[in-house]
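Commentary on secondary and tertiary structure
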Number of protein chains: 2
Amino acid sequence: MPKLITTQTRIADLGKPRVIIIGGGFGGLEVAKGLVGTQTQTVLFDKYNHHCFQPLLYQVATSALETSSIVFPFRKHFRNTHDFYFRLGEVTAIKPETRCIETSIGSVKYDYLVIASGAETNFYGLKDVEQNSHPMKTIIDAIKLRNIIIRNFETALLTDDKELMNSLMDFVIVGGGPTGVELAGAISELKHDIFPKDYPELEVSQMDIHIVEATPRLLNGMSEEAGTKALEYLKKMGVHVHLNTAVKSYDGHEVLMSTGEKLISRTLIWAAGVKGNPVAGLKAEAFGRSSRLLVDEFNRVKGYDNIFAIGDVALMEGVDPKFPKGHPMMAPPAQQQGELVAKNICRLINKKEMKPFRYFDKGSMATIGRNRAVVDLKAFKFQGFFAWFVWMFVHLMSLIGFRNKFFVLLSWLWSYFSFDKSNRLIIARPKDGVQ
Amino acid sequence: MPKLITTQTRIADLGKPRVIIIGGGFGGLEVAKGLVGTQTQTVLFDKYNHHCFQPLLYQVATSALETSSIVFPFRKHFRNTHDFYFRLGEVTAIKPETRCIETSIGSVKYDYLVIASGAETNFYGLKDVEQNSHPMKTIIDAIKLRNIIIRNFETALLTDDKELMNSLMDFVIVGGGPTGVELAGAISELKHDIFPKDYPELEVSQMDIHIVEATPRLLNGMSEEAGTKALEYLKKMGVHVHLNTAVKSYDGHEVLMSTGEKLISRTLIWAAGVKGNPVAGLKAEAFGRSSRLLVDEFNRVKGYDNIFAIGDVALMEGVDPKFPKGHPMMAPPAQQQGELVAKNICRLINKKEMKPFRYFDKGSMATIGRNRAVVDLKAFKFQGFFAWFVWMFVHLMSLIGFRNKFFVLLSWLWSYFSFDKSNRLIIARPKDGVQ
């Protein structure tokens, strides 16, 4: 029987400059879109065969959206384009000296390399937390969390042990950024609109949702007003917010906080931080804080002239006066850097001057359940129903593909008027447990 | 740390006759629907927290529909009903002498028991086939198959070995029943409409789809005309149909057929047969052929007065002159038996005579890709576009819940006009391989 996995990537040599993009997130996708149809050969490597719209992962985790609505197959996106190559595989190392990368499916040479491998969850060295908590970075994380939330309630039914029952019904979210705040809001909607009807045998009113945030406020990336309003909204929704509080340890049952206070919960969702997710093989001098790659104003990785890094994995320090310590790890900087890097690579090929990156800050937003959101724009800041409407519109428009936009819109309309979240499914073989 | 799984089902004693239903498929669901709100306590056990509309599994496997469109959470279905209890768990044994069942979450007593545990794939003792082939019975099977089909093509790109490449692009379906025929049609649509654009690097025209059927014709459950037309359709679509041919062995690469002929394929889909999926604990005399439970005209299991079996797991021999060897293992008999058993249990409780089962055969149908289906009704048989339209309408109407109907209809309209199947996703962690 011939062996299944070959050790060659079989990327045809087109005699054109080859640009390899590592990762098809918001940044990598823009690079690819900017390069297809130019004089380059575009090669995209990703561990998954689809782009994932991470800002809506929390809605998959809370049964509001189906998986397929927020992911988009790369090949579908780039069909009918020329000189574009997708490879499903993991990039394990970069060999700058030979201008090639090592991957799970073999090695391949590049003329230009764009590292857009994004970020991974940062547990800040808390081993027990890493082992026992649930991250929220990938579509698999979201599906697992959905399974866990529902299975917890099915299991809570089975015990007389009040402490165990509550530990299954309670949720602790660590991190008061957009992910934590949006997740807390969505879980509290489950508590108020869904679970009382689904679980008449349980006292769902006993369900507690906690947010633990180490700093004095929520939504640090946003304005004071936004943080205050988010806090007000969450309290209205019955979410317990612990500010100035860090998590010290978690054994899968007991959360020990820096205040000495303890919370009992079977489910700790870790949304407290991310770090760069770089690829091995680059010099130590190329790395900045939290595993991010130091880049110049053209997103060139420090010490290399044909290797670029963009988005969460890149750290552009001391360039943008508004962001001297680097840009926020969100979609817009990644997308804007991706667009520019595509153009700059073409300029390099044509022996033209590259253009430096200038971040256009469109502002930021977060939603906290129906009719409630906070929006910071350059010009003005607003909260409430209109903000919520703007949040929906912007996210809808940012989704790839008309079909996804259309189905997400319908799902939202449906949930809005029915107060229902229809995908409360455990999609896992029984023997898989909560996996 | 208190242990998580308790050994009690914690089903309240309501002092009412308790009816336990094992399995929430087409049959079990009808029993539950018929019993809620009566003088009984209805308890439904299932390994999953949702009902699955199995007739459309093949569309999930071929990227046409998203998972959530064909499954429906039990609790959502029965919310706002009284005296209904759902338990997520596996029933491991029946103890008729003590009128209780053993489950993965503990044991519980019943007054009446309805076994609706359905069918499982029958490999007829072919161990190597069982190990290396893919069944198509559960939503997990469908998702795995979708992952496999797409991953095969991603892997085929990577090899120069023509035999390996073809073995990844070719598919062998064993069984010419509705599942096999519908799956073959859908995979051939992938071949013609999707893969050529997604995989310009591959000669998709080289992709072969085989159906292997042991009897002289396709769709044995249906009319001669239906079988002949299905054969004609599949041939038109380029599917290789091997009639009067059985599969002898399969090592994951080479399919040996009873004709001595060999097919080379990495993917064998086993849709060749099912057998009853009963629960342990009943007397040997209760079992008929292929692990099905012998039942009388009231669906009472042979030798028991308060245990019923319905649907695929039940075998009602010598009762219906049209089906002396028992009813076909499809949804309609299960649903009709479920409805009647609910009524009959109420009659028993009220000391009334039970009514015997009379199967109303609505006919049967199968689809073979766009605009092509075969329909056998009592009165007349027809094929082609109108049949395809009827097939869609009937399946749409049979789906549970307006939302599912609505989203499936939209997905179908979308696919019809765009010639697209949008869910060609590998939803699995890279390390999970094709799982």
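So, here's what we can say about the structure. (Residues numbered from 1 in each chain as written. Chains lettered and ligands numbered in written order. Predicted model: local features only at pLDDT ≥ 70, side-chain atom pairs only at ≥ 80, totals over all residues. Heavy atoms only, no water.)

The next subject is the overall build of chain A. If you tally the helices and strands in chain A, you get twelve helices and 25 strands. Along the longest, intermediate and shortest principal axes, the C-alpha atoms of chain A span 70 × 60 × 45 Å. Counting only contacts in chain A whose residues sit at least 6 apart along the sequence, the fraction spanning at least 24 positions is 64%. Charge separation in chain A, taken as the distance between the mean sites of 53 positive and 45 negative side-chain charges, equals 7 Å. (Helix = DSSP H or I, 4+ residues; strand = E, 2+ residues; numbered from the N terminus. Contact = heavy atoms within 4.5 Å. Lys, Arg positive; Asp, Glu negative; His and termini not counted. Charge placed at Lys NZ, Arg CZ, Asp CG, Glu CD.)

Let us look at the relation of the copies chain A and chain B. For the pair chain A and chain B, the relating rotation is 180 degrees, the translation along its axis is 0.0 Å, and the fit reaches an RMSD of 0.0 Å. The superposition operator between the copies reduces to a two-fold rotation axis. When you check the interface residues of chain A against chain B, 100% turn up at the interface there too, and the contact is symmetric in its surfaces. (Least-squares fit on C-alpha atoms with pLDDT ≥ 70 in both.)

All names here are of chain A. With 19 residues, helix α10 (residues 331-349) should reach 27 Å at 1.5 Å per residue; the first-to-last C-alpha distance of 27 Å fits that figure. By the criterion of burial, α10 is predominantly enclosed, with 15 of the 19 residues buried. One or two steps after α10, the chain reaches K351, where phi turns positive at roughly 55 degrees. (Expected span 1.5 Å × (residues − 1). Buried < 20%, exposed > 50% of the residue type's maximum accessible area, 1.4 Å probe, protein only.)

What follows concerns the environment of L168 of chain A. All names here are of chain A. Looking at the element boundaries, L168 is found in helix α7 (residues 162-169). Residue L168 is classed as buried on the basis of its relative accessible area, which comes to 1%. With 97 residues separating them along the chain, L168 and S265 place their C-alpha atoms 6.2 Å apart.

Sheet strands pair by backbone hydrogen bonding; their relative direction is either parallel or antiparallel. All names here are of chain A. Read across the open sheet, the three strands follow the order β15-β16-β17; overall the sheet is antiparallel. The open sheet has two edge strands with one neighbour each: β15 (247-250) and β17 (262-264). Strand-to-strand twist in this sheet, taken as the mean axis angle between neighbours without regard to direction, amounts to 20 degrees. Here strand β16 (residues 254-257) pairs with β17 via three bridges, running antiparallel. (Pairing = 2+ DSSP bridges. Axes fitted to C-alpha atoms, helices over the stretch in contact; angles between N-to-C directions.)

As a further point, take the side chain of T121 of chain B. All names here are of chain B. You can see T121 is positioned in strand β10 (residues 119-121). Relative accessible area serves as the criterion here: at 13%, T121 is assigned to the buried category. Among residues more than four places away in sequence, those in contact with T121 are P135, K137, W270, G273, V274 and K275.

Attention now moves to the packing of aromatic side chains. If you walk through the whole model with that rule in mind, you get 39 aromatic pairs over all chains. With a centroid separation of 5.7 Å and an interplanar angle of 40 degrees, the aromatic rings of F385 of chain A and W388 of chain A are classed as tilted. With F385 of chain A and W388 of chain A both in helix α11 (residues 385-398), this residue pair falls three residues apart, about one helical turn. Judged by relative accessible area, F385 of chain A falls into the partly exposed class, the value being 47%. For W388 of chain A, a relative accessible area of 9% translates into the label buried. Note on F123 of chain B and W270 of chain B: the rings are 5.8 Å apart at their centroids and 25 degrees apart in plane angle, and the pair reads as stacked. Separated by 147 residues along the polypeptide, F123 of chain B in the loop between β10 and α5 (127-132) and W270 of chain B in strand β18 (residues 267-270) bring together distant segments of the chain. Given the relative accessible area of 4%, W270 of chain B is considered buried. Between R403 of chain A and the ring centre of F407 of chain A, over which it is positioned, the NZ or CZ distance is 4.1 Å. Sitting over the face of the ring of F419 of chain B, R370 of chain B holds its NZ or CZ atom 3.6 Å from the ring centroid. (Phe/Tyr/Trp six-rings, centres within 6.5 Å; stacked < 30°, edge-to-face > 60°. Lys NZ or Arg CZ within 6 Å of the ring centre and 35° of its normal.)

Right, let's get into the sheet that holds strand β24 (residues 373-376) of chain A. All names here are of chain A. With antiparallel pairing, three strands are arranged side by side in an open sheet as β23-β24-β25. Unpaired on one side and paired on the other, β23 (364-367) and β25 (381-383) mark the two borders of the sheet. Each strand of the sheet is rotated relative to its neighbour by a mean of 5 degrees, with strand direction disregarded. Taken together, the three bridges between β24 and β25 define a ladder with antiparallel strand orientation. Opposite D376, over in β25, you have K381 as the bridge partner. Lying on the sheet, α11 is in contact with β23, β24 and β25; it crosses β23 at an angle near 105 degrees.

Residues and elements named next belong to chain A. The sheet contact formed by strand β6 (residues 91-95) and strand β7 (residues 100-103) spans four bridges and is antiparallel. Each bridged residue has a counterpart across the sheet, and for V91 the counterpart in β7 is T103. Connecting the antiparallel pair β6 and β7 is a turn made up of four residues, with R99 showing a positive phi of about 50 degrees. Bridge count for β7 against strand β8 (residues 106-109) is four bridges, and the pairing is antiparallel. Across the sheet, residue I101 finds its bridge partner in β8, namely V108. The antiparallel pairing of β7 with β8 creates a hairpin that spans two residues between the two strands.

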